[in-house]
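In case you want the letters, here they are:
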Amino acid sequence: MTARLLPGAPVADALLARVAGRVRVLAQVPRLALVRVGDDPASVSYVRSKDKKAREVGIDSEVHALPETTTQAELLALLARLNADPAVSGILVQLPLPAHIAEEPVLLAVDPAKDVDGFHPFNVAQMWAGHARLNPCTPAGILELLDFYGIPVAGQRAAVVGRSEIVGRPMAAMLLGRDATVTIAHSRTADLGAVTREADILVVAVGRPQFLTPDIVKPGATVIDVGINRIEVGGKGKIVGDVHPDVVQVAGGLTPVPGGVGLLTVAQLMANTVTAAELVQARG
Ligand SMILES: NC(=O)C1=CN([C@@H]2O[C@H](COP(=O)(O)OP(=O)(O)OC[C@H]3O[C@@H](n4cnc5c(N)ncnc54)[C@H](OP(=O)(O)O)[C@@H]3O)[C@@H](O)[C@H]2O)C=CC1
Ligand SMILES: Nc1nc(=O)c2c([nH]1)NC[C@@H]1CN(c3ccc(C(=O)N[C@@H](CCC(=O)O)C(=O)O)cc3)C=[N+]21
């Protein structure tokens, strides 16, 4: 069997078209504040693509590029200003932060109604309880993709490899919210294959190039490759996922890297920004 490829672009386009429609009926143009500290090249490039996509769908966007030497207090002061600014609908603090800035106080400092990443503990709790308004972008985008391609979730066995706060854990919570039977695997899982071979839906977010091999994939499973790994091949830079290319011979469906989940992360951020604008507008 050869897996059906599940590209992100048509899913992102459909999602962004709905976002643009919601933007048009808002009383006020939504505004997304993108905050980045330091000059990590990946962060610079991600923030740039989020900024560009926002403008494409009619969302105003402002980038706050702070120097590496920014103190925790300075960052918190900026967040307080953005929280208080009624023109700002959504706030995103690009992760990772430099080592001298503690993450938790920063995530706590974002107004939960403007928390378009869904990383504030209030939104995390709402998500696990099954009724969040603002869900983390990568897993929410993955659910959009499964729905777009007509892949059933309810009643299915799902496995998530990786338990990070930005991908693995929220993915597991959201699959559970959609009535899948979910297992979470991580670096201390004793027999990874025993877990992954049971999965009809297999989400891989490990951060190791070509980590997931075909021998541990259930034939016909839908495999979602979240990994973004920059590697050198013959002196050239290349982006590969966490899933080995030979998985295409076993899986029923497979998302490409690049051109898969990453596009949905950005599109879902736009959807969350409009949701935040609606929440802030309703609050008056
Ligand atoms: N496409 C997109 O939109 C996005 C892509 N990414 C990409 O996804 C990947 C994962 O990101 P992120 O979740 O932030 O990564 P983290 O490094 O935060 O987490 C990696 C997870 O993988 C687990 N892990 C590591 N080694 C193994 C192993 N041998 N067997 C099983 N599990 C293992 C770790 O387990 P433990 O907890 O035990 O250490 C950890 O839970 C990266 O490549 C990242 O670049 C991330 C965000 C968005
Ligand atoms: N607060 C916060 N929120 C995030 O959502 C967040 C973050 N921090 N830190 C880093 C991760 C990573 N991430 C991606 C965004 C876009 C692509 C993306 O557009 N990928 C394209 C292009 C490939 C590439 O250049 O990466 C693709 O997969 O085709 C990938 C990954 C968001 N993250």
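Position numbers for residues start from 1 in each chain and track the written sequence from start to end. All chains are assigned letters beginning at A, and all ligands numbers beginning at 1, according to the order in which they are written. The predicted origin of the model limits local features to residues at a pLDDT of at least 70 and limits the giving and counting of side-chain atom pairs to 80 or more, whereas totals for whole chains, interfaces and linings rest on all residues. To get the side-chain values, all heavy atoms of the structure are used, and hydrogens and water are removed first.

Participant: Describe the domain arrangement of the chain, with residues and values.
Facilitator: Accessible area lost upon the coming together of the parts serves often as the stated size of an interface. Per the domain assignment, the segments making up the chain are domain 1 (29–113) and domain 2 (136–262). All the domain ranges listed were derived from an automatic or database domain assignment. Using C-alpha coordinates to define each centre, domain 1 is positioned 28 Å away from domain 2.

Participant: Give a description of the pairing of strand β8 (residues 222–225) that names residues and reports values.
Facilitator: Relative accessible area decides the class of each residue, using a 1.4 Å probe on protein chains only: under 20% of the type maximum gives buried, over 50% gives exposed, and in between gives partly exposed. In this description a helix means any DSSP run of H or I spanning at least four residues, a strand means any run of E spanning at least two, and both kinds are numbered starting from the N terminus. Taking every second residue as pointing to the same face, both faces of β8 are buried, with Thr222 and Ile224 on one and Val223 and Asp225 on the other. When DSSP finds two or more bridges between a pair of strands, those strands are recorded as paired. Pairing geometry for β8 and strand β11 (residues 253–254), over two bridges, is parallel. Bridging across to β11, valine 223 finds its partner in leucine 254.

Participant: Describe the site of ligand 2, and please don't skip the residues or the numbers.
Facilitator: Residue proximity to a molecule or strand is established when one non-hydrogen atom of the residue lies within 4 Å of it. The environment of ligand 2 is made up of 16 residues, and the closest members are Val93, Gln94, Leu95, Asp117 and Gly259. What qualifies as a polar contact is a pair of N or O atoms within 3.5 Å, subject to a donor-acceptor requirement within protein and to the restriction that residues adjacent in sequence count only when both atoms come from side chains. Residue valine 93 places a main-chain N or O atom 2.8 Å away from a nitrogen atom belonging to ligand 2. Within the backbone of glycine 259, a nitrogen or oxygen atom sits 2.5 Å from an oxygen atom of ligand 2. Here ligand 2 loses 82% of its free accessible area of 650 Å² to cover by the protein chains. Residue assignment for the shell around ligand 2 shows that the elements contributing at least two residues are α2 (41–56), β4 (90–93) and α9 (261–283). Broken down by element, the shell around ligand 2 gets its largest block of residues, three residues, from α9. Polarity classes work like this: nonpolar for Ala, Val, Leu, Ile, Met, Phe, Trp, Tyr, Cys and Pro, charged for Asp, Glu, Lys and Arg, and polar for all others, with Gly in that last group. Counted by class, the shell around ligand 2 contains nine nonpolar, four polar and three charged residues. Each accessible area is a Shrake-Rupley result for a 1.4 Å probe, and residues are judged covered by the shown protein chains and nothing else.

Participant: Requested: an account of the sheet that holds strand β3 (residues 60–66), with residues and values cited.
Facilitator: Spatially, β3-β2-β4 is the arrangement adopted by the three strands of the open sheet, whose pairing is parallel. Only two strands of the sheet have a single partner each, and these edge strands are β3 and β4. Taking the axes of each pair of neighbouring strands and ignoring which way they run, one obtains an average angle of 15° across the sheet. As judged from the four bridges shared by strand β2 (residues 31–37) and β4, these two strands associate in the parallel manner. What counts as an axis is a line fitted to C-alpha atoms, over the stretch in contact for a helix, and the angles between N-to-C directions run from 0 to 180 degrees.

Participant: Tell me what's going on with helix α1 (residues 9–24), and back it up with residues and numbers.
Facilitator: Here the expected length of a helix is defined as 1.5 Å per residue gap, with one fewer gap than residues. Here α1 is 16 residues long and its end C-alpha atoms lie 22 Å apart, about the 22 Å a rise of 1.5 Å per residue gives. Of the residues making up α1, those classed as buried are Val11, Ala12, Leu15, Leu16, Val19, Ala20 and Val23. Mapping the buried residues of α1 onto a view down its axis gives an arc of 165°, with all of them on the same face. Residues of α1 that are exposed and point more than 90 degrees away from the buried face comprise Asp13 and Arg24. Residue contacts are counted whenever heavy atoms from the two residues lie within 4.5 Å of one another. Residues of α1 that are buried sit in contact with α2, α6 (137–148) and α9. It is the directions from the helix axis to the C-beta atoms whose arc is reported.

Participant: Got a sec to walk through the site of ligand 1? Specific residues and values, please.
Facilitator: Close to ligand 1 lie 22 residues; Arg163, Ser164, Ser187, Val226 and Thr265 are nearest. Isoleucine 228 places a polar main-chain atom, nitrogen or oxygen, 3.1 Å from an oxygen atom of ligand 1. Between ligand 1 and threonine 265 there is a distance of 2.5 Å, counted from an oxygen atom to a side-chain nitrogen or oxygen. Alone, ligand 1 offers 930 Å² of accessible surface; in the complex the protein occludes 71% of this. For the shell around ligand 1, the element with the highest residue contribution is α9, accounting for three residues. When the residues that make up the shell around ligand 1 are grouped by side-chain class, the tally is nine nonpolar, 10 polar and three charged.

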